[in-house]
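# A look at the structure
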Amino acid sequence: MALTGTYAPSRQQWVRDQVAAYEESGGERANTLRDTGYPVVVITSKGARSGNLRKNPVMRVERDGRYVAIASKGGADDNPEWFHNFVAHPEVEVQDGAEKHTYAARLLAGDERSQWWDYSVATWPTYADYQKKTEREIPVFLLERVD
């Protein structure tokens, strides 16, 4: 089921620009994270307080049709805004290239978190550097398709 509501673009210009280019091109443009060469997907979530739709480019970490969203915020000491959206409204949409589907987001803990964290670090090693920059344990969400 597709998310409905009013789209409220990011306050960050680079996020607005990347999401717009990604969506307009069906993921053929703006499909890597800011000059890193690492692929991204665009995740739409519902705002925790506003209920507005929010869109964020997130590193593409996928295995067996499931995606992982790492709430690293580049190793900051606080979570990205979308973390709160996923907790309050765990139904999200993932656009991977031209395909868009609905997923349930689940915050992981324990061994399951460790396994997906290790897989994510193997996919994008910079996550390990982000963890070294902060004392908080970086949250890991597993996104499983529901549509």
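Our structure's up above, just so we're on the same page.
Description of the structure in this document. Everything quoted here is computed from the prediction, not taken from an experiment.

## Structural notes on the overall build of the protein chain
- Within the protein chain one finds four helices and seven strands.
- Helices and strands in the protein chain line up, N terminus first, as α-β-β-β-β-α-β-β-α-α-β.
- A total of about 7,800 Å² of accessible surface is found on the protein chain, and carbon and sulfur atoms cover 47% of it.
- Between the averaged position of the 19 positive side-chain charges in the protein chain and that of its 22 negative side-chain charges there is a distance of 4 Å.

## A few points about the pattern of salt bridges
- Inspection of every chain in the model, using the stated rule, returns 10 salt bridges.
- Arg-60 is the salt-bridge partner of Glu-62, the closest N and O atoms lying 3.9 Å from each other.
- Given the relative accessible area of 23%, Glu-62 is considered partly exposed.
- Counted as one network, the salt bridges with shared partners bring together Arg-66, Arg-106, Glu-112 and Glu-144.

## Topic: the pairing of strand 7 (residues 140-145)
- Two elements, strand 4 (residues 66-70) and strand 7, share four bridges in a ladder whose sense is antiparallel. For Val-68, the partnering residue across the bridge sits in strand 7 and is Leu-142.
- Where strand 6 (residues 99-107) and strand 7 come together, five bridges link them in antiparallel fashion. Counted as the bridge partner of Leu-107 is Phe-141 from strand 7.

About the criteria used
- Residues numbered from 1 in each chain as written.
- Predicted model: local features only at pLDDT ≥ 70, side-chain atom pairs only at ≥ 80, totals over all residues.
- Heavy atoms only, no water.
- Helix = DSSP H or I, 4+ residues; strand = E, 2+ residues; numbered from the N terminus.
- Areas by Shrake-Rupley, 256 points an atom, 1.4 Å probe, with all protein chains shown as cover.
- Lys, Arg positive; Asp, Glu negative; His and termini not counted.
- Charge placed at Lys NZ, Arg CZ, Asp CG, Glu CD.
- Salt bridge = Lys/Arg side-chain N within 4 Å of Asp/Glu carboxyl O.
- Buried < 20%, exposed > 50% of the residue type's maximum accessible area, 1.4 Å probe, protein only.
- Pairing = 2+ DSSP bridges.

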